[in-house]
Amino acid sequence: MKAWKYLVLIGGIAGVAGFFLPFITFQSTDGQLAGSFSAYQVVRGIDDAGALIDTAKPITATHADAQRIVTTINTELARYRGALIACFVPAVVLAVLGALVGARRKMGRIAGILAMLVGLVNAGVWLVFFQISTEQPDLTAGMGAGLHMLLVAGALGCIAGLGALLAPDRGYAD
């Protein structure tokens, strides 16, 4: 029994979990306001500024313009919901591929090539966001764990794909 099929499944699950983990983390220049938001929060919509800015709950509870600001943020983020979902589609494909090869109890070379390609797409999505985040290093926002999970998914998909290419799992006992 080779572990390639399990690596693909674990990679896919890690990538899908990244959808629910912090996507972007940020803090104000003075460090008093800090927070994060997940891709799930962006897709669903952010109802409360307190959900977006962790350290600002006392400020947003008393500030009259807080809900107006949250409405503006939701309107602006709504433009990117489809693109944000598209960023995590390769992770879902990797998870489905892992489930299929796990159910078949074998992972051949074709599945290995597919796992490598989807893994490279996951890593490519991470690379795009990494390049964007390093363009202006003085900003107070950074990549969250959710984005890093796409890199984990990509790496596991590529490792499993390469392993299946070199030593395919034919489904019978080794």
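Heads up: the structure comes first, above all this text.
Residues numbered from 1 in each chain as written. Predicted model: local features only at pLDDT ≥ 70, side-chain atom pairs only at ≥ 80, totals over all residues. Heavy atoms only, no water.

Asker: Looking at this structure, I do not really get the packing of helix α6 (residues 81-104) against helix α8 (residues 145-166). What am I missing?
Answerer: To characterise two packed helices, one gives the angle between the axes of the helices and the distance between these axes. With their axes 10 Å apart at the nearest point, α6 and α8 run at an angle of 40° to one another. Relative to α8, the element α6 lies oblique. Regarding α6 and α8, the two cross each other, and that crossing is left-handed. Only Gly 146, Leu 150, Ala 153 and Gly 157 of α8 make contact with α6, whose side of the interface consists of Cys 87, Phe 88, Ala 91 and Leu 94. (Axes fitted to C-alpha atoms, helices over the stretch in contact; angles between N-to-C directions. Helix = DSSP H or I, 4+ residues; strand = E, 2+ residues; numbered from the N terminus. Parallel < 35°, antiparallel > 145°, perpendicular 65-115°, else oblique. Left-handed = near helix turned anticlockwise from the far one by under 90°. Contact = heavy atoms within 4.5 Å.)

Asker: Any chance you could explain the packing of aromatic side chains here in plain terms?
Answerer: How two aromatic rings sit relative to each other is set out by the distance from centre to centre and by the angle between their planes. For the structure shown, the criterion picks out 7 aromatic pairs. Consider the rings of Phe 23 and Phe 129, whose centres lie 5.3 Å apart with planes at 80°: the pair is edge-to-face. Taken together, the residues Phe 23 in strand β1 (residues 22-27) and Phe 129 in helix α7 (residues 109-135) connect sequence positions 106 residues apart. Just as Phe 23 is buried, Phe 129 falls in that class too. Aromatic side chains Trp 126 and Phe 130 sit 5.0 Å apart centroid to centroid with 15° between the ring planes, which places their arrangement in the stacked category. Taken together, the positions of Trp 126 and Phe 130, both in helix α7 and 4 residues apart, correspond to about one turn of that helix. In this structure Trp 126 comes out as buried when scored by relative accessible area, which is 14%. Following the ring pairs from residue to residue traces out a cluster consisting of Phe 19, Phe 20, Phe 23, Tyr 40, Phe 88 and Phe 129. (Phe/Tyr/Trp six-rings, centres within 6.5 Å; stacked < 30°, edge-to-face > 60°. Buried < 20%, exposed > 50% of the residue type's maximum accessible area, 1.4 Å probe, protein only.)

So yeah, pure geometry; function would need other evidence.
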